[in-house]
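Coordinate analysis (summary)
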Amino acid sequence: MKEKLYPFGSIEKKWQKYWNDAKLFNMDTNSNKEKYYCLVMFPYPSGKLHVGHGRNYIIGDALVRYKMMKGYNLLSPIGWDAFGLPAENAAIKDKLHPKKSTLNNISIMKQQLVQWGVGYDWTREVTSCMPDYYKWTQWIFLKLLEKGLAYKRKAAVNWCPSCKTVLANEQVLNGFCERCETKVIEKDLEQWFFKITDYAQRLLDDIGGLKDWPERVKAMQGNWIGRSKGVNIDFSVEGDDIKLSCYTTRVDTIFGVTYMVLAPEHPLIAKLIENNPDKEKILSFITKVRQEEKIARQAADVEKEGIFIGRYVINPVNNKKIPLWIGNYVLMEYGTGAVMAVPAHDERDFEFAKKYKLDIEVVIDNPKEHINVSGMRSAYIEDGIMVNSEKFNSLNNREAMEKIADWMQEEKTGKRSVHFKLRDWLISRQRYWGAPIPIVYCEKCGIVAVPEDELPVLLPEDVTFSGNKLRGQSPLAGSKEFVNTKCPKCKGSAKRETDTMDTFVDSSWYYLRYLSPGDSNKPFHKELVNRWLPVDQYIGGVEHAILHLLYSRFITKVLYDLGYVDFNEPFKALFTQGMIIKNGAKMSKSKGNVVSPDTLIERYGADTIRLYTLFIGPPEKDAEWNDRAVEGAYRFLGRLWRLVDKVSKASKVEGKAKSNKDLERKIHQTIEKVTKDIEGDFKFNTAISSVMELVNAAYLCFDKENSLLVKEAAKTAVILLAPFIPHIAEELWQRLGNSPSIFNYPWPKYDKIKAEEDILILPVMINNKLRSRITIEKAASEERIKEAVLADDKVNAWIGEKKIKKFIVVPGKLLNIII
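Residues numbered from 1 in each chain as written. Predicted model: local features only at pLDDT ≥ 70, side-chain atom pairs only at ≥ 80, totals over all residues. Heavy atoms only, no water.

Focus: the overall build of the protein chain
Our working definition: Secondary structure elements are defined from DSSP: runs of H or I of at least 4 residues count as helices, runs of E of at least 2 residues count as strands, and each element is numbered from the N terminus. Each residue gets one of three labels from its accessible area relative to the maximum for its type: buried under 20%, exposed over 50%, partly exposed in between, using a 1.4 Å probe on protein chains only. Surface exposure here means Shrake-Rupley accessible area, sampled with a 1.4 Å probe, where a residue is shielded only by the protein chains that are shown. Residues scored as charged are limited to Lys and Arg (positive) and Asp and Glu (negative), so that His and the chain ends carry no count. Charge coordinates come from a single atom per side chain, which is NZ of Lys, CZ of Arg, CG of Asp or CD of Glu.
Secondary structure summary: the protein chain contains 28 helices and 34 strands in total. In terms of overall dimensions, the protein chain has C-alpha extents of about 105 × 85 × 50 Å along its principal axes. Residues counted as buried form 54% of the 819 residues belonging to the protein chain. Accessible surface computed for the protein chain: about 37600 Å², of which carbon and sulfur atoms make up 49%. When the 122 positive and 107 negative side-chain charges of the protein chain are each reduced to one mean point, those points stand 3 Å apart.

Put into structure tokens, the structure is as follows:
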């Protein structure tokens, strides 16, 4: 290990204790200062943090310390998103209770955050797995139930065989569980849902008001909500009273429908094939398809497979009888699970029709070249002229689209409709380590909500974590003491719901709890949350763009509608940091590329790691970790340390600071640059770079003259770096003769005039056309400007032997020569 040159590590505990004793980060509820609520997404307590995790917390801490110096009354809390699958999987594998492992991990991570010098108001700490928190998660469930936004139904769900639980659509990545990367299968289960679809339009409309959110995140949410305009069409099943509803955005192709195809999950299939002699064959096909990945089923290049179920439907616009199929390329999640197939004008339908020798009917012709069905090698998907569409023939298909929709609505054969890709939020999980759903089942009263005054429904601690024996049920199902209870209505025997809630329910409201974490009577104080929210700055990973952020927006809007809060968006500004990667990949134990901060902090000090983390690159982009580059940050901090040491000794000389315009200008330029970089897009890397330049300039001046202005430059550098390297900044601040804390000292202001350069670049025009540029002193006279222009080679080349008729000088802006 390299010999330690500077005592960075030895001063850290001293200043961490000072901040804690001084309650530096504790919110002042009585302050009249302008409030600022800065929040980093609360972490899942997975165990030890690596340097990649640190970026999120260090960015948040740097911003908080900066705002502190800007004079804000700050709220910077932290908590733990403590329920979840990993702790329960560890319980099954290592025989360690989830509560114990979770609390142990919290203790380790809390110590690491303190070690990094990251400051929070720890008096407001919340832990989602503790009863005093999940009592109110259960309360939120009851509020949604009262409003008709929580309901239970049987549904085809994503099932992870390894985790033995249901996954929301958002938790399935390319057909695999996001947690354990096991292939996900489909299963039919009774599940609890939140009706987020009731808020789809509002969630979409209000994206426009999120001015300080990244465009990428807003686009991701908009695409996930997926609004489209179209027509709902009911196709009658021949010889039956069943109607199959279909949604289409291409009603201009309705006359070209030659078959209908259902998703294998469609709820009416059982009735449709009830008397079919090939029923077992059809069911076997359905089972096969449902085991395939949904992502793969949607892929353009996947082989289209289907089975005819022996039934026909009637096209309502022309009464044509068309065959009814089940196909692997249709999903229940989109539209209605029934697709009117137009093989002439949809590539997937075309491939399916060709494979199974189904009819193809052209209804949109190519205006450049007539389409002959027998010669078609692919679907015609461009715009064109309507054909084989009765009274709509000869119209442009875009014009026909509107006219057909109007006609179908008049004829009551179709209805204009708006659809969303967004599906209701499935919150049931067949796991133990989550908030119990506050529901009981009574043979007499049915589904009964647990009364508010009986919350929380507590998790029992004596459960068996044996997933195989429980056959996919929650471990809670094996706890008789938990399951068997009394009905709140009739007081008769009842059984508790054994599913627990998705952990995203816990994290959908935690930002409200920080204002009154110890209140046992209500989840949050309305007056306080209305004063402090929306969160001024939210910081976290872009991987939460759809899940957590969308769910939090939904819950906030529900609480707004119920009158519990006066705002309908939780986060005013959002910053999504990039990942720190190693060897080109995300850090993970399985890849063997995890960089632990412990050894690095021991060797270089926490501030070195903080500085390098912020300097590594633009914070919104991914960055490659380089252990050797950490030493560069260490060397710079040593250079700063030596500068302060030199000026603190030399500044005992009496006298006024000698004039040095270059250094004075550099001081004000650096203050301006760092301030704008932080206030802008968190450009910490360029802010740090500009302070490095100031330190270099101070060294150059110090070597020439022991000016007190050099001390001012050193002091400025320490102040500007304080949010990034808080321990060293506090120590150097004290060595410069100041009382702690540096974070109680106001952020410096820059003088625009002093920051301006003494020279300027002057455009030179000849006959009103730009021909050259010259560098000239700002205070240069008109004669000096003419002299400099006539000495310029480019100007002389353009003028040549021609006579100058006129000089037009606009001071500080341009010069025009008329020849």
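After that view of the structure, there is still more to cover.
Topic: the pairing of strand E10 (residues 227-237)
When a strand is regular, its side chains alternate between the sheet's two faces. Short version of the rule: Paired strands, as defined in this entry, are two strands with at least two bridges between them according to DSSP.
In terms of strand pairing, E10 meets strand E18 (residues 414-420) through seven bridges, oriented antiparallel. Paired with Val231 across the two strands is Arg416, which belongs to E18. Relative to strand E11 (residues 243-248), E10 runs antiparallel, the two sharing six bridges. Residue pairing in the sheet places Ile233 in a bridge with Cys246 of E11. Summarising the sheet, E10 and strand E13 (residues 306-314) pair through two bridges and their orientation is antiparallel. Along E13, the bridge assignment pairs Ser236 with Ile314.

Points about the pairing of strand E27 (residues 574-577)
Put simply, the rule reads: Handedness of a crossover is defined as follows: with both strands directed away from the viewer, a clockwise route from the first strand across the helix to the second makes it right-handed.
Here E27 shows two buried faces, one formed by Leu574 and Thr576 and the other by Phe575 and Gln577. Inspection of the sheet shows strand E26 (residues 537-541) paired to E27 by four bridges, in the parallel sense. Residue Gly540 lies in a different strand from E27, and its bridge partner there is Thr576. The parallel pair E26 and E27 is bridged by helix H18 (residues 547-561), and the resulting crossover is right-handed.

Some remarks on H18
Quick note on the threshold: Here the expected length of a helix is defined as 1.5 Å per residue gap, with one fewer gap than residues.
Taking 1.5 Å per residue as the helical rise, H18 with its 15 residues ought to reach 21 Å, and the 21 Å between its terminal C-alpha atoms agrees with that figure. Of all 15 residues in H18, 13 are buried, a share of seventy percent or more. At the C-terminal side of H18, Gly563 shows a positive phi close to 85°.

Digging into the confidence of the model for the protein chain
Spelled out, the test is: Values of pLDDT, ranging from 0 to 100, describe the predictor's confidence in every residue of the model. In this description, contact between two residues means that some pair of their heavy atoms is separated by no more than 4.5 Å.
Chain-level pLDDT for the protein chain is 91 on average; 96% of the residues reach the 70-or-more range. Contacts from residues 652-658, a stretch scored under 50 in pLDDT, to residues over four places away or in other chains number nine contacts.

Quick notes on the sheet that holds strand E24 (residues 493-496)
Backbone hydrogen bonds hold the strands of a sheet together, and the pairing may be parallel or antiparallel. The line we're drawing: For helices, the fitted axis covers only the stretch in contact; all axes are lines through C-alpha atoms, and the angles between them, taken along N-to-C directions, range from 0 to 180 degrees.
What the four strands build is an open sheet, ordered E22-E21-E24-E23; its pairing is antiparallel. The open sheet has two edge strands, strand E22 (446-449) and strand E23 (484-486), and neither has a second partner. Pairwise comparison of adjacent strand axes, ignoring direction, gives a mean angle of 40° for this sheet. The pairing of strand E21 (residues 439-442) with E24 spans two bridges and is classified as antiparallel. Within E24, the residue paired with Tyr441 across the bridge is Lys495.

Examining the packing of helix H20 (residues 606-615) against helix H25 (residues 726-735)
Stated precisely, the cut-off is as follows: Comment on the angle field: the value is read as roughly parallel under 35 degrees, roughly antiparallel over 145, roughly perpendicular from 65 to 115, and oblique elsewhere. Asp, Glu, Lys and Arg are counted as charged, while Ala, Val, Leu, Ile, Met, Phe, Trp, Tyr, Cys and Pro are counted as nonpolar; the rest, among them Gly, fall into the polar class.
Running from amino to carboxyl end, H20 crosses H25 at an angle of 120°, the nearest separation of the two axes being 7 Å. Put simply, H20 runs oblique to H25. Taken together, the residues of H25 that come into contact with H20 (itself represented by Ala606, Asp607 and Arg610) are Pro726, His727 and Ile728. Split into classes, the residues belonging to the contact of H20 with H25 amount to three nonpolar, one polar and two charged.

A few points about the layout of surface pockets
Put simply, the test is: Note on definitions: the grid is 1 Å and covers protein atoms alone; a cavity is a set of points where a 1.4 Å probe fits but cannot get out; a pocket is an open set with protein on both sides within 12 Å along at least five of seven lines; lining residues have an atom within 4 Å of a point. Grid points are joined across faces, edges and corners, and a volume is the space filled by probe spheres set on the points.
Of the voids in this model, the second largest pocket is the one considered here, and its volume is about 770 Å³. Residue lining of the second largest pocket: 30 residues in total, with Tyr247, Thr248, Thr249, Val339 and Arg348 positioned closest to the centre. At the level of elements, E11, strand E15 (338-341), helix H11 (347-356) and E18 are the ones that each hand at least two residues to the lining of the second largest pocket.

A word on the sheet that holds strand E29 (residues 585-586)
The strand order across the open sheet built from three strands is E29-E28-E30, with neighbouring strands paired in mixed fashion. One side of each edge strand has no neighbouring strand; the edge strands of this open sheet are E29 and strand E30 (623-624). The pairing of strand E28 (residues 580-582) with E30 spans two bridges and is parallel. Within the sheet, the bridge partner assigned to Ile580 lies in E30 and is Ala623.

Describing the nonpolar core
Applicable threshold: Side-chain atoms within 4.5 Å link the members of a nonpolar core, which is a set of buried Ala, Val, Leu, Ile, Met, Phe, Trp, Tyr and Cys residues.
With 182 residues, the main nonpolar core has Tyr37, Phe141, Trp425, Leu533, Phe554, Trp625 and Phe724 as its most contacted residues. Tallying contributions element by element places helix H23 (residues 684-704) first for this core, with twelve residues. With sequence-adjacent residues up to four places away left out, Tyr37 is seen in contact with Leu75, Pro77, Tyr511, Tyr514, Leu515, Trp532, Leu533, Val535, Asp536 and Gln537. By size, the runner-up hydrophobic cluster in this structure holds 59 residues, among which are Val231, Trp325, Ala341 and Trp407.

Examining the pattern of salt bridges
As a reminder, the rule being used: One side-chain nitrogen of Lys or Arg within 4 Å of one carboxyl oxygen of Asp or Glu is enough to make a salt bridge.
What the rule picks out here adds up to 43 salt bridges. Ionic pairing is found between Lys35 and Asp536, a salt bridge with its closest N-O pair at 2.7 Å. Note that Lys35 is positioned in strand E1 (residues 35-40) and Asp536 in the loop between helix H17 (526-532) and E26, a separation of 501 residues in sequence. Assessed through its relative accessible area of 21%, Lys35 is described here as partly exposed. Across the pair Glu303 and Lys355 runs a salt bridge whose closest N-O atoms are separated by 2.7 Å. Separated by 52 residues along the polypeptide, Glu303 in the loop between helix H10 (294-298) and E13 and Lys355 in helix H11 bring together distant segments of the chain. Lys355 gets classed as partly exposed once you look at its relative accessible area, which sits at 35%. Among the ionic contacts, a cluster of salt bridges with common partners joins Asp206, Arg553, Lys557 and Glu569.

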